[in-house]
Amino acid sequence: MTRRPFRFAVQGTKATSGAQWRDLARKVESLGYSTLFVADHYLGPGPAAKEASLPPQHLAPITAMATAAAVTETLRVGCRVFCIDYHVPAALAKEAATLDLLSDGRLEFGIGAGWSSAEYEAMGLTFDTAPRRISKLEEVVALLKAQWSGEPLDIKGEFVNVSGYAGLPRPVQSRAPIMIGGGKKRVLSLAAREADIVSINNVPFAAVNEAGLTPAEEAVRRLGYVRDAAGDRFAGLDIEASPYFTEITDDKDAAIERVAGLMRVAPEVLADHPNVLVGTVDEIADRLEARRETFGANYISVQQAQVESFAPIVERLAGR
């Protein structure tokens, strides 16, 4: 496997004021992270958010991304990820191109088929079947590429019908990098064919899944879907992963025991889980290098709470 250099990002969802968000963007940049991601969620406190298991998130993504870009010089900005049903596709394509233009080419564009039925319902949207949502995602990705090309548009599909104009502005990047992620073969194959960044996440925390695979084996299987569908493109893809549980500590066993108790899973399942990073700086750096070999993951997104504690690992591995 050709090894892609490590990159690191922060998923920032905790800011509740302009000052907090601007300070976070500057800190993420100064600590050497590549990208600051936001998320595409809208529910405030209430029964809908509780049902959806979504924590409070004050900032909407597009304005937050623009603000982060405006107060930094090199930091890339993105949403991990926009939901196809929360935005008019042609309008979102223009917003994205504008963000790339105004940031001098620092946009990373994440797009997905949606997953939170409770959020859909709370927002008055229809949560369609997974196959139909993925079919819509395919058409939206085609629209993005066409609209960003500047060529006249004439797209007539089941979900996207756009014609009679050419898209403006053109992104500063020849095409803003697209991130698509998921866990099933169809969406990962789409990502392999069409995206620049493939996010392999949401590996189950069960000891073995319905296919009899451990979490590590499931991550390898998902990478196989990507490799098979990507063909010659595979060597140029970033493979993104986001560890849900990250802790820099000298007492790895105690931390694993604590998280295992909260998750109600066996500690040995968590120790080698693709979405868990617990240990010293040296241990985690070694683990990331091993996982890049096994799972392909070279682009690591950590949660906002770890932005400072994880920085020594960023300093050690970024660009290597």
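Above this text you will find the structure in question.
Residues numbered from 1 in each chain as written. Predicted model: local features only at pLDDT ≥ 70, side-chain atom pairs only at ≥ 80, totals over all residues. Heavy atoms only, no water.

Caption draft 1: Just the pattern of salt bridges, in detail. A full pass over the atoms with the stated rule returns 19 salt bridges. Taking the shortest distance from any N to any O, the salt bridge between arginine 7 and glutamate 108 comes out at 2.6 Å. Of this pair, arginine 7 sits in strand β1 (residues 7–11) while glutamate 108 sits in strand β4 (residues 107–112), and the two are 101 residues apart along the sequence. Taken individually, arginine 7 and glutamate 108 each receive the classification buried, so the pair is uniform in this respect. Between lysine 27 and glutamate 308 there is a salt bridge, and its shortest N-O distance comes to 2.7 Å. Linking lysine 27 in helix α1 (residues 18–30) with glutamate 308 in the loop between β12 (299–303) and α12 (311–317), this pair joins segments that are 281 residues apart in sequence. (Salt bridge = Lys/Arg side-chain N within 4 Å of Asp/Glu carboxyl O. Helix = DSSP H or I, 4+ residues; strand = E, 2+ residues; numbered from the N terminus. Buried < 20%, exposed > 50% of the residue type's maximum accessible area, 1.4 Å probe, protein only.)

Caption draft 2: Here's a closer look at the sheet that holds strand β2 (residues 35–38). Taken in spatial order, the eight strands of this closed barrel run β1-β2-β3-β4-β7-β8-β9-β12, and their pairing is parallel. The average undirected angle you get between the axes of adjacent strands in this sheet is 25°. Both β1 and β2 contribute to a ladder of three bridges, which runs parallel. In the sheet register, glutamine 11 faces β2, and the bridge partner there is phenylalanine 37. (Pairing = 2+ DSSP bridges. Axes fitted to C-alpha atoms, helices over the stretch in contact; angles between N-to-C directions.)

Caption draft 3: Focus on helix α9 (residues 252–263). Look at α9: 16 Å from first C-alpha to last across twelve residues, which is about the 16 Å you get at 1.5 Å a residue. Listing the buried residues of α9 in full gives Ala255, Ile256, Val259 and Ala260. One face of α9 carries all of its buried residues, which in axial projection span an arc of 130°. Counted as exposed and oriented over 90 degrees from the buried face of α9: Asp253 and Leu262. Looking one or two residues beyond α9, the residue adopting positive phi is arginine 264, at roughly 60°. (Expected span 1.5 Å × (residues − 1). Arc of directions from axis to C-beta.)

Caption draft 4: Seen up close, a negative patch on the surface. Taken together, the side chains of Asp250, Asp251, Asp253, Glu257, Glu268, Glu283 and Asp286 make up a negatively charged region of the molecular surface. Where the negative patch is concerned, the elements lending two or more residues are α9 and α11 (281–295). Residue placement: aspartate 250 occurs in the loop between β10 (245–248) and α9. (Patch = residues over 30% accessible without salt bridge, like charges linked within 9 Å, V, L, I, M, F, W, Y side chains within 5 Å. Areas by Shrake-Rupley, 256 points an atom, 1.4 Å probe, with all protein chains shown as cover. Lys, Arg positive; Asp, Glu negative; His and termini not counted. Charge placed at Lys NZ, Arg CZ, Asp CG, Glu CD.)

Caption draft 5: Structural detail: the packing of aromatic side chains. The tally for this structure, following the rule as stated, stands at ten aromatic pairs. An aromatic cluster is built from Tyr42, Tyr86, Tyr120 and Phe127, whose rings are joined through pairwise contacts. The ring of tyrosine 299 has arginine 7 lying over it, and the distance from NZ or CZ to the ring centre is 3.9 Å. (Phe/Tyr/Trp six-rings, centres within 6.5 Å; stacked < 30°, edge-to-face > 60°. Lys NZ or Arg CZ within 6 Å of the ring centre and 35° of its normal.)

Caption draft 6: Unusual backbone geometry, seen in detail. Put simply, arginine 80 and valine 81 share a cis peptide bond, and its omega is -5°. Topologically, valine 81 is positioned in strand β3 (residues 76–83). With an omega of -5°, the peptide bond between leucine 168 and proline 169 qualifies as cis. Following the sequence through the fold, proline 169 ends up in the loop between β6 (161–166) and β7 (178–182). Despite not being glycine, serine 53 has its phi angle at roughly 55°, a positive value. Despite not being glycine, aspartate 104 has its phi angle at roughly 60°, a positive value. Structurally, aspartate 104 can be placed in the loop between α4 (89–102) and β4. Under the relative-accessibility criterion, aspartate 104 is labelled exposed at 65%.

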